[in-house]
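A look at the structure
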Amino acid sequence: MNTLSQIKELLTSVGLKATHQRLVILEALRKMDNHPTIDQIYNQVSEDNPSISLATVYKTTEALVEKGLLAKVSTPEGLMRYDARLDSHGHIYCINTKELVDFYDDELDQLIIEFFKKKKVNNLKIKNISVRINGEKLDPRKNVLIK
Ligand SMILES: [Zn+2]
């Protein structure tokens with residue numbers, strides 16, 4: 001879902017006009033794929049669109065979140081990061097490098113559901129599970145690998 005026409009389709013499917021701003025922001029986020037902050041999105045987008053303001057990038061990005069085309073992930077420092085991946089997944093956050101790494105694990109989701117059942121948590125229907133693990137990379141030069 002990265003071609004311009006696919007992104008246009010996505011915008012119109014949620015009732016948004018495919019304006020230039022929305023297109024370039026959504027395209028940038030899908031290309032970046034690293035949970036950027038609003039400043040990082042702005043830096044990326046303003047390279048090719050120098051007239052766009054930070055306020056416009058912020059407003060447009062938030063509108064895309066509202067329509068469900070982007071997700072937000074907070075970090076322990078309270079910094080908001082944006083996520084173009086909309087499927088159910090967890091995050092591993094390195095408190096030193098500030099990297100936010102995606103992970104997918106159905107087994108973990110199942111364990112959490114079982115845990116809630118076992119604890120007899122009342123009056124709650126789990127809609128989705130999004131776990132964030134905070135840690136420190138042992139070797140900052142290497143990636144976090146999940147087997
Ligand atoms: Zn993610």
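Note that this is a predicted model, so its numbers are computed, not measured. (Residues numbered from 1 in each chain as written. Predicted model: local features only at pLDDT ≥ 70, side-chain atom pairs only at ≥ 80, totals over all residues. Heavy atoms only, no water.)

What follows concerns the overall build of the protein. Counting its regular elements, the protein contains five helices and five strands. In the protein, the order of α-helices and β-strands from amino to carboxyl end is α-α-α-α-β-β-β-β-α-β. Residues counted as buried form 31% of the 147 residues belonging to the protein. For the protein, long-range pairs separated by at least 24 residues make up 43% of all intrachain contacts whose partners lie at least 6 apart in sequence. (Helix = DSSP H or I, 4+ residues; strand = E, 2+ residues; numbered from the N terminus. Buried < 20%, exposed > 50% of the residue type's maximum accessible area, 1.4 Å probe, protein only. Contact = heavy atoms within 4.5 Å.)

Relative to strand 4 (residues 100–103), strand 3 (residues 90–94) runs antiparallel, the two being bridged by four bridges. Considered in strand 4, the bridge of Ile 92 is made with Val 101. Between strand 3 and the antiparallel strand that follows it, strand 4, lie five residues; Lys 98 among them carries a positive phi value of about 65°. (Pairing = 2+ DSSP bridges.)

What the domain assignment lists for the protein is domain 1 (4–83) and domain 2 (90–135). Averaged C-alpha coordinates put domain 1 and domain 2 at centres separated by 25 Å. Contacts between domain 1 and domain 2 engage eight residues on the former and nine residues on the latter. Together domain 1 and domain 2 conceal approximately 730 Å² of surface at their shared face, both sides included; 50% is due to carbon and sulfur atoms. The three residues of domain 1 that bury the most area against domain 2 are His 35, Pro 76 and Arg 81, which together make up 52% of that side's buried surface. At the boundary of domain 1 and domain 2, one finds one salt bridge. Its salt-bridge partner being Lys 98, residue Glu 77 comes within 3.0 Å of it at the nearest N-O pair. Viewed at the interface, domain 2 and domain 1 are joined by eight residue pairs in polar contact (both at pLDDT 80 or more). Listing elements by their share of the side of domain 1 that touches domain 2, those giving two or more residues are strand 1 (71–74) and strand 2 (80–83). (Domains from an automatic or database assignment. Buried area = accessible area lost by both parts, 1.4 Å probe. Salt bridge = Lys/Arg side-chain N within 4 Å of Asp/Glu carboxyl O. Polar contact = N/O pair within 3.5 Å; in protein donor to acceptor, adjacent residues only side chain to side chain.)

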